[in-house]
Amino acid sequence: MPRFFIDAPLHAGALLDLPDTVVRHAQVLRLKTGDALTLFNGTGGEFPAVLATLEKRHATAQLGEHDTREAETPYRVTLAQGIAGGDKMDWLIEKAIELGVTDIQPLATERSVIRLDAERAAKRVAHWQALAQAACEQCGRNRVPRILPIRPITTWLHDPETETNYGWRVLLSPRADSDFDSLPREVPPQPGVLLFGPEGGLAPQEESLAREAGFTAIRLGERVLRTETAGMAVLAALAARWGGW
């Protein structure tokens, strides 16, 4: 059943004018009047709906009763990712959301290929947020993870909120002495954060700063994984360990 994110309040029984982006998507999917939909706005739960009208530039949906169904993991984890080049960051965001991350913190690091001024950074974050919404439409999540503003890694690590916001903090590094099995077997009660570097990893001084900020460094084995592989491997492993599937 097609699922659409609606950036507006939703109410049971309402006849809703659908946004232009949803109208275009419905046309691409060749939906017809009377077809069933699911609508959600990211605040929790979803609404079954029926496509009441569909014209070239306008469509409406009749909402049913609110369904409290959720597809969240029993733990909260932020992915702090050194900005990857090309379309890798788009892929990372999409797959990380499918694997249950709560938020994504893009970080500008020494080895980040992409350098963005303030205007381009804001546009890139808006693009990533739209990807997050589309990923939730596809995978069945009703709470859309936030794409946080891009920050320099040193500023983010020195921010006291990085410590107070995350009860557990993990850094992935091929130079680490500990491995994945060193992580807790039970679901931590506090939110956590996973820190990954871009292509080439974090610079040694950035890893040192992370350790000083209370991050536990782990490695995944003898093979060095690409940045777009490493985060997904850890997120999948956490889901298997802590019941996130």
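Values in this document were obtained by computation on a predicted structure and should not be read as measured data.

Things to note about the overall build of the protein chain
Each helix and strand in the protein chain was counted, giving seven helices and 13 strands. Computed over its C-alpha atoms, the radius of gyration of the protein chain comes to 20 Å, within 12% of the 18 Å expected for a compact globule of 245 residues. When its C-alpha atoms are laid out on the principal axes, the protein chain stretches across 60 × 40 × 35 Å. The proportion of buried residues among the 245 residues of the protein chain is 45%. Considering only intrachain contacts with a sequence separation of at least 6, the fraction spanning at least 24 residues in the protein chain is 75%. Here the protein chain has roughly 12,400 Å² of accessible surface; of this, 52% comes from carbon and sulfur atoms. Across the protein chain, 27 positive and 32 negative side-chain charges occur, with their mean positions spaced 4 Å apart.

Focus on the domain arrangement of the protein chain
Partitioning the protein chain into structural domains gives domain 1 (3-63) and domain 2 (77-242). The C-alpha-based centres of domain 1 and domain 2 are spaced at 33 Å. With ten residues of domain 1 at the contact, the number on the domain 2 side is eight residues. Summed over both partners, the interface of domain 1 with domain 2 buries about 770 Å², with 47% contributed by carbon and sulfur atoms. Three residues stand out in domain 1 for area buried against domain 2, namely Arg3, Phe5 and Phe40, and they jointly supply 60% of the buried area on that side. On the surface where domain 1 and domain 2 come into contact, there are zero salt bridges. For the side of domain 1 that touches domain 2, the element with the highest residue contribution is strand S1 (residues 3-5), accounting for three residues. A class-by-class count of the residues in the side of domain 1 that touches domain 2 yields three nonpolar, five polar and two charged.

With respect to the sheet that holds strand S5 (residues 59-63)
In spatial order, the strands read S1-S3-S4-S5-S2; together these five strands make up an open sheet with mixed pairing. The open sheet has two edge strands with one neighbour each: S1 and strand S2 (15-17). Pairs of neighbouring strands in the sheet enclose a mean axial angle of 40°, with direction left out of account. Judged from the three bridges that link them, S2 and S5 form a sheet pairing that is antiparallel. Opposite Leu15, over in S5, you have Gln62 as the bridge partner. Of the strands in this sheet, S1 and strand S3 (36-40) are in contact with helix H3 (residues 118-139), which crosses S1 at around 155°.

Re the pairing of strand S10 (residues 168-172)
Of all five residues in S10, five are buried, a share of seventy percent or more. In S10, alternate side chains face the same way, and those of Trp168, Val170 and Leu172 on one face and Arg169 and Leu171 on the other are all buried. Both S10 and strand S12 (residues 192-196) contribute to a ladder of four bridges, which runs parallel. Residue Trp168 lies in a different strand from S12, and its bridge partner there is Gly192. As paired elements, S10 and strand S13 (residues 216-219) share three bridges and run parallel to each other.

Concerning the pattern of salt bridges
Tallied over the full model, the rule gives 14 salt bridges. The salt bridge partner of Glu72 is Arg141, with a shortest N-O separation of 2.6 Å. Taken together, the residues Glu72 in the loop between S5 and strand S6 (77-82) and Arg141 in the loop between H3 and strand S8 (146-147) connect sequence positions 69 residues apart. Exposure remark for Glu72: the relative accessible area of 32% places this residue in the partly exposed category. You can call Arg141 buried: its relative accessible area is 3%. For Asp181, the salt bridge is made with Arg185, and the minimal N-O distance between the two is 3.8 Å.

The rules behind each value
- Residues numbered from 1 in each chain as written.
- Predicted model: local features only at pLDDT ≥ 70, side-chain atom pairs only at ≥ 80, totals over all residues.
- Heavy atoms only, no water.
- Helix = DSSP H or I, 4+ residues; strand = E, 2+ residues; numbered from the N terminus.
- Rg over C-alpha atoms; globule rule 2.2 N^0.38 Å.
- Buried < 20%, exposed > 50% of the residue type's maximum accessible area, 1.4 Å probe, protein only.
- Contact = heavy atoms within 4.5 Å.
- Areas by Shrake-Rupley, 256 points an atom, 1.4 Å probe, with all protein chains shown as cover.
- Lys, Arg positive; Asp, Glu negative; His and termini not counted.
- Charge placed at Lys NZ, Arg CZ, Asp CG, Glu CD.
- Domains from an automatic or database assignment.
- Buried area = accessible area lost by both parts, 1.4 Å probe.
- Salt bridge = Lys/Arg side-chain N within 4 Å of Asp/Glu carboxyl O.
- Nonpolar A, V, L, I, M, F, W, Y, C, P; charged D, E, K, R; others polar.
- Pairing = 2+ DSSP bridges.
- Axes fitted to C-alpha atoms, helices over the stretch in contact; angles between N-to-C directions.

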